[in-house]
Amino acid sequence: MLGFGAVRLRTDMNRLLSLLFHQGVLDEQFLQLQHLQDQTSPNFVSDVVTIYFQESEKQLRNLRNLLLDREIWDYVKLGIHLNQLMGSSSSIGAKRMRNICAVFRAAVEQSNRPACIRALEVLEHEYCYLKNKLHELFQMEQQSVLGDAVRYPGVVHQL
Amino acid sequence: MGLKIHGHSHHGHHHHHHHHLVAVSLNEQQLGTKRKYRTYFPRTNQGKYLALWIITFGFAAIYVYRCIDEGHQERIEEGLVSMCDQRARMLQDQFSVSVNHVHALAVLVSTFYYYKNPSVIDQETFAEYTARTAFERPLLSGVAYAQRVMNSEREEFESQHGGTIRTMANKEPSPHRDEYAPVIFAQETVSYLNLLDMMSGEEDRENILRARSTGKAVLTSPFKLLGSHHLGVVLTIPVYKSKLPPNASVRDRIEATAGYLGGAFDVESLVENLLGQLAGNQEIVVKVYDVTNTSDPLIMYGRQTQDGDRSRTRVSKLDFGDPFRKHQMTCRYLHKAPISWTATTTASLGYVIVLLVGYMFYTGAIHIVQVEDDFDTMQQLKVRAEAADVAKSQFLATVSHEIRTPMNGILGMLALLLDTDLSSTQRDYAQTAQACGRALITLINEVLDRAKIEAGKLELEAVPFDLRSILDDVLSLFSEKSRNKGIELAVLVSDKVPQIVMGDPGRFRQVITNLVGNSVKFTEQGHIFVQVHLAEHSKAVLESKSDTCMNGRSDGQFKTLSGREAADDRNTWDKFKHLIADQEFPFTTSQNVTLMVSVEDTGIGIPLHAQELVFMPFMQADSSTSRHYGGTGIGLSISKCLVELMGGQINFISRPQIGSTFSFTCVLKRCEKNTITDPKRPNYDDLPTSFKGLKATVVDNKPVRAAVTRYHLKRLGVHVEVISNIGIAVSDSGGIPDSDSGSRPDMILVEKDVWLSNGNVLKSPKMILLATNITGMEFDKAKNAGFSDTLIMKPLRASMVAACLQQVLGTGKKVEQGKVMANGSVYLRGLLCGKKILVVDDNRVNRRVAAGALKKFGADVECADSGKSALDLLKLPHGFDACFMDIQMPEMDGFEATRRIRLMESQANDQQTNAGSMDGSTTKYHLPILAMTADVIHATFEECQKSGMDGYVSKPFQEENLYQAVAKFFESKPTTES
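All values reported here derive from a predicted model rather than from experimental measurement.

Visitor: Whenever I open this one, the overall build of chain B confuses me. Can you help?
Guide: The helix and strand tally for chain B stands at 27 helices and 33 strands. The buried share of chain B, reckoned over its 978 residues, is 45%. Of the contacts formed within chain B by residues at least 6 apart in sequence, a portion of 72% connects residues at least 24 apart. Within the structure as shown, chain B displays about 49700 Å² of accessible surface, and the carbon and sulfur contribution to it stands at 55%.

As structure tokens, this is what we get:
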């Protein structure tokens, strides 16, 4: 049963990934990331994604503060934060996040505050969605690894 | 997806900006060209200039006409003058002749009438005489002699002559006067004058008075003559009774007067006759005037009504011997002088010519202006077209790039799909889709390449590389396919080709890969044979041996690699053995090495009608072929471009159903030894050296194939002997086991077909079987014969042969069987293994990903989160082999950081040079710095280069990009194939 469960878990994981790809949430860079994970760094993907979440939350917070501050319109700072967010998003292959960042940046360049706020909201929503889905994915992966570990200790399954 | 579109629009914005730049540069160019030609002739108002020209030369023509006409007029004038003068002179001469004769008559009368006593002249004598001498006086109608009779003598005279003195007017007896002048002698023609008193006529009387007082011949003014209606003058000469002294006074003269001799000149008929004798009579109108009274000239001859040409008149003086009377002759042309044809034609012709010339200039100028305008337009169009071309290429590059992203998505998804549980049909579909996707990606890359070449953005590198290992790599790419098809795939590089050459290995590999790929695609059986020779050498051999045998055919087999006929006859064994012979070839010591690379296959060949189009992009031989094999894509056209960039030429010989041989030349640079020993530069050929000095026997009945095997073994330092029969080999090695070890081979390599045909099952641990493909049955047989581990599957590659030899001879350790990795990964691992690499990025996530990727390939990674900390870490001396630098960082961006690093390095280098440590150990500091950038636009790349970076890697990391960038800097350590 355990073996069957592992297979099903992997299938589920693949299905979820396909969904995310299909929705355009992730792109091939995420596959590259997974490709980088091997014996020497078994938790590479989740490590990176965790860092990504920490960083992104920080950036989002900063962005929100900057936008809510009605007196100052700090174009430069907004740009820096957005670039950071965009860079890290494209690094992990969070394609939709990246695209929204691009739109956001365009709005910033046009000094369009309402558009910026809308974009921020979309971004936050997208971020939550991505976070949930990725958590789901990691959970499944962990389970699968645990299952694998029970049956074949020492061998790490590669996606 | 809407978001995606926004993203695009952003991109579009960027490109828009780019186009603006292009447009600006275009304008500048246009201005530059427009300024060039603005001289020599007017560009506008040519019509006005033409009119000015016409008017100016109109005046000039009139002036010329005048000049010529003046001469003409002068000549006409001269003609008139000479005619008039001639006439006047003649008239005068004739007149004076007549006057002289009348004079003579006067003398006659005085001599014979007065001096003789009695007189010997009477009327009869006079008449007789005058009649007979009338021819002497053609002008005179007649002469008469009138005697001076005083009133006192009248009666005596009348009685003496038997008549009365009558008046001229009414022929009545004359009234009483002081004196009379009755005619006593008269010529017969004027006999009616007899006894008429000459003094009764007004003119005659005056004449008589003037004549006797002057003693000379005098003339009357013209009047109608008595006997005729003609105008005439009367000449009167006095006859004196005695001889007078020359200075006699008037009184003396009057006293001495005895009578008067007179004659009437019929001027009109006189002149008429005279003129009739002369030429050109019809042309002129002649008039003779008596101009004694200048205010009222009296006409003597000529009709008053006939005027002639009033514009030209010649007046000639006439001297008829009477100083009191003045006469003149007036001549005019009868008709107006004709217009001077010479002048007219000259002037008008000249004018016409000038007009034509002017018109020519005019049309010429207009034409030139038009041509220049056209040229301008053309140039603008050209510039625009070029810009469009560049834009097209940029567009292609962009679009290709954009297409790659979703394609990667598709491929990734397909990979995921293939990981799931699929039915065999589904798997087949998915695999097909994946293969197609890969093909599409390759195609897009090729389009990108071509666009780059067209945009002139492709620059070739010049780095040292090992040709042989590159060829081995290419072969390994196709080994799978060739094995499946059972094609013999082989490479051979002439010994005369240097080990290391300078050039662009990537592009060289691309060309070879393309050619071999095409060959593999279109070949179902036979062989594909890649050869590299020195161009001069192969040319020399081909020339010297061109007259030998026609085709390398012997006993039904061709002496080619696989025994099948090849398209290019020249590449048969007979030539080939000269090419690979060890004879010395006089090398040129020039810096350049020209290589001749040929790829020979025994495929379906290229149909004759399609041979001209082979290098066109997307050529397909014909529809049926492409259905079978697909077209050649644009690979060949890119190859052609690349070969031309490398200074060579590509061409081919192809025979349908027999095969094709593509060959190209390329110019590479020789690599000096010292650049290879540079420690920073990788050691290229790292084949194991443990086989040096070994001896091997190759058993093969096909000489070309044997030569290939020999070539690979030779690279490992193995001495090779080729024999064609397995029996000889066995007798050599096994037959005499204890013969001297010098001649005994350390290993025997047998071709599969030789081994099978021979049937000689020979068990020897040092036997190695070479096979292109092997069936299960044959494999079993081989296994039984002890070849299980000593089977080398072709295509041969030096490293593979080495691995096999290690196994056979037990000299090497077991090759570590690594994880199953893609070829590139193996390669990257080899490149990056053990390298210390610094990753500079402010973004934690990026840092972690980059580090992870690099670590995966065995690199030792350190991270820095800003340009400043990177500078700290990179203080010289440091142990880093390379640095990946993010461009967009706050405070100090990647460009700035790189500039500072380069500055530090150059300072250190200078110090080193100054320190004078010139031994070989000193190396220049130059840390390879690779930019990490999200957008790979050329402009960015150029900026990277400007700030001293060595290359760039697009972010996020992708294996092939990473490989391309890194391969330039690190030694490749080919891991043994799994």
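Back to the write-up after that little detour.
Visitor: Is there a simple way to think about the side chain of Arg210(B) in this case?
Guide: Residue and element names in this part refer to chain B. Tracing the backbone through its elements, the reader meets Arg210 in helix α5 (residues 202-214). Residue classification places Arg210 among the buried residues on the basis of a relative accessible area of 16%. At 2.8 Å, the side chain of Arg210 and the backbone oxygen of Leu219 are in polar contact. Once residues lying within four places of it in the same chain are set aside, the contact partners of Arg210 are Val218, Leu219, Asp322, Phe324 and Arg325.

Visitor: How should I be thinking about the confidence of the model for chain A in this particular structure?
Guide: Detailed conclusions should not be drawn from predicted coordinates in areas where pLDDT is low. For chain A, per-residue confidence averages 80 on the pLDDT scale, and residues scoring 70 or more make up 87% of the total. Overall, residues 151-159 of chain A carries pLDDT values under 50, and its contacts beyond four positions in sequence, including any with other chains, amount to 15 contacts.

Visitor: When you look at the sheet that holds strand β12 (residues 298-301) of chain B in this model, what are you seeing that I'm missing?
Guide: Adjacent strands of a sheet form backbone hydrogen bonds with each other and so pair up, either parallel or antiparallel. Residue and element names in this part refer to chain B. Taken in spatial order, the 4 strands of this open sheet run β12-β11-β14-β13, and their pairing is antiparallel. In this open sheet, the two edge strands, each paired with only one partner strand, are β12 and β13 (313-318). Averaged over all adjacent pairs, the angle separating strand axes in this sheet is 30°, with direction ignored. In this sheet, strand β14 (residues 327-333) lies alongside strand β11 (residues 284-290) in antiparallel orientation, the contact comprising 7 bridges. Directly across from Val286, in β14, lies its bridge partner Cys331. Docked against the sheet, helix α2 (residues 46-115) engages β11, β13 and β14, running at close to 25° with respect to β13. Lying on the sheet, helix α7 (residues 267-277) is in contact with β11 and β12; it crosses β12 at an angle near 50°.

Visitor: What exactly am I supposed to notice about the sheet that holds strand β25 (residues 719-723) of chain B here?
Guide: Residue and element names in this part refer to chain B. Strand order in the open sheet made by the 5 strands is β25-β24-β26-β27-β28, with parallel pairing throughout. On the outer flanks of this sheet lie β25 and β28 (791-793), each paired with one strand and no other. Taking the axes of each pair of neighbouring strands and ignoring which way they run, one obtains an average angle of 25° across the sheet. Direction of pairing for strand β24 (residues 695-699) relative to β25: parallel, over a ladder of 5 bridges. Pairing of Val698 across the sheet is with Val722, part of β25.

Visitor: Whenever I open this one, the interface of chain B and chain A confuses me. Can you help?
Guide: The interface is formed by 30 residues belonging to chain B together with 37 residues belonging to chain A. Overall, the association of chain B and chain A removes approximately 3200 Å² of surface from exposure, summing both partners, and the carbon and sulfur fraction of that is 59%. Applying the counting rule to chain B against chain A returns 2 salt bridges. When the shortest N-O distance is used, the salt bridge between Arg844(B) and Glu55(A) registers 3.1 Å. On the surface where chain B and chain A come into contact, there are 6 residue pairs in polar contact (both at pLDDT 80 or more). For the side of chain B that touches chain A, the element with the highest residue contribution is helix α23 (residues 844-856) of chain B, accounting for 8 residues. Each residue belonging to the side of chain B that touches chain A can be placed in one class, and the counts come to 9 nonpolar, 12 polar and 9 charged.

Visitor: Is there a simple way to explain the pairing of strand β17 (residues 500-503) of chain B in this structure?
Guide: If a strand is regular, its side chains alternate between the two faces of the sheet. All names here are of chain B. In this sheet, β17 lies alongside strand β15 (residues 463-466) in antiparallel orientation, the contact comprising 4 bridges. Within the sheet, the bridge partner assigned to Asp466 lies in β17 and is Ile500. Pairing of β17 with strand β23 (residues 659-670) involves 2 bridges; the strand directions are antiparallel. By the bridge assignment, Met502 is partnered in β23 with Lys669.

Visitor: Whenever I open this one, the environment of Asn207(B) confuses me. Can you help?
Guide: Residue and element names in this part refer to chain B. With respect to the helices and strands, Asn207 occurs in helix α5. Here Asn207 falls in the buried class, since its relative accessible area comes to 2%. In sequence terms Asn207 and Ala217 are 10 residues apart; their C-alpha atoms lie 9.1 Å from each other. Not counting chain neighbours up to four residues away, the residues in contact with Asn207 comprise Val218, Leu219, Thr220, Val234, Leu235 and Thr236. Within the structure, Asn207 has its side chain in polar contact with the backbone oxygen of Val234 (distance 2.9 Å).

Visitor: How should I be thinking about unusual backbone geometry in this particular structure?
Guide: For residues besides glycine, phi is generally negative; the peptide bonds are generally trans as well. One non-glycine residue with positive phi stands out, namely Ser111(A), at about 55°. Even without a glycine there, the phi angle at Leu195(B) is positive, about 65°. One can find Leu195(B) in the loop between β5 (183-186) and β6 (196-197). On the accessibility criterion, Leu195(B) (11% relative accessible area) is buried.

Visitor: I'm lost on the pattern of salt bridges in this one. Help?
Guide: Opposite charge on two side chains permits them to pair, given that their charged atoms come into close proximity. Residue and element names in this part refer to chain B. If you walk through the whole model with that rule in mind, you get 30 salt bridges over all chains. The salt bridge involving Asp472 is made with Arg715; its shortest N-O contact spans 3.0 Å. Of this pair, Asp472 sits in helix α10 (residues 467-485) while Arg715 sits in helix α17 (residues 703-715); the two residues are 243 residues apart in sequence, bridging distant segments of the chain. One salt bridge in this structure joins Lys875 and Asp872, with 3.6 Å as the shortest N-O distance. Judged by relative accessible area, which is 48%, Lys875 ranks as partly exposed. Linked by salt bridges that have partners in common, Glu488, Asp700, Arg705 and Glu751 make up one network.

Visitor: What is the right way to read the packing of α10(B) against helix α11 (residues 505-522) of chain B from this model?
Guide: Residue and element names in this part refer to chain B. Two elements in contact, α10 and α11, have axes separated by 10 Å at closest approach and are oriented at 20°. One element, α10, and the other, α11, form an angle in the roughly parallel class. Regarding α10 and α11, the two cross each other, and that crossing is right-handed. Facing Leu467, Ile470, Leu471, Asp473, Val474, Leu477, Phe478, Lys481 and Lys485 of α10, the residues of α11 in contact are Pro505, Phe508, Arg509, Ile512, Thr513, Val516, Gly517, Val520 and Lys521.

Visitor: Can you help me understand the packing of aromatic side chains in this one?
Guide: Aromatic ring pairs: the centre-centre distance and the angle between the two ring planes describe each pair. Counting across every chain of the model gives 12 aromatic pairs over all chains. On the basis of an interplanar angle of 50° and a centroid distance of 5.9 Å, the ring pair of Tyr52(A) and Phe53(A) is categorised as tilted. Residue Tyr52(A) shares its accessibility class with Phe53(A), and that shared class is buried. On the basis of an interplanar angle of 25° and a centroid distance of 3.9 Å, the ring pair of Phe95(B) and Phe320(B) is categorised as stacked. A residue pair is termed long-range when its members are at least 10 positions apart, and Phe95(B) in helix α2 and Phe320(B) in the loop between β13 and β14 qualify at 225 residues. Judged by its relative accessible area of 0%, Phe95(B) is buried.

Rules behind the numbers
- Residues numbered from 1 in each chain as written.
- Chains lettered and ligands numbered in written order.
- Predicted model: local features only at pLDDT ≥ 70, side-chain atom pairs only at ≥ 80, totals over all residues.
- Heavy atoms only, no water.
- Helix = DSSP H or I, 4+ residues; strand = E, 2+ residues; numbered from the N terminus.
- Buried < 20%, exposed > 50% of the residue type's maximum accessible area, 1.4 Å probe, protein only.
- Contact = heavy atoms within 4.5 Å.
- Areas by Shrake-Rupley, 256 points an atom, 1.4 Å probe, with all protein chains shown as cover.
- Polar contact = N/O pair within 3.5 Å; in protein donor to acceptor, adjacent residues only side chain to side chain.
- pLDDT = per-residue confidence, 0-100.
- Pairing = 2+ DSSP bridges.
- Axes fitted to C-alpha atoms, helices over the stretch in contact; angles between N-to-C directions.
- Buried area = accessible area lost by both parts, 1.4 Å probe.
- Salt bridge = Lys/Arg side-chain N within 4 Å of Asp/Glu carboxyl O.
- Nonpolar A, V, L, I, M, F, W, Y, C, P; charged D, E, K, R; others polar.
- Parallel < 35°, antiparallel > 145°, perpendicular 65-115°, else oblique.
- Left-handed = near helix turned anticlockwise from the far one by under 90°.
- Phe/Tyr/Trp six-rings, centres within 6.5 Å; stacked < 30°, edge-to-face > 60°.

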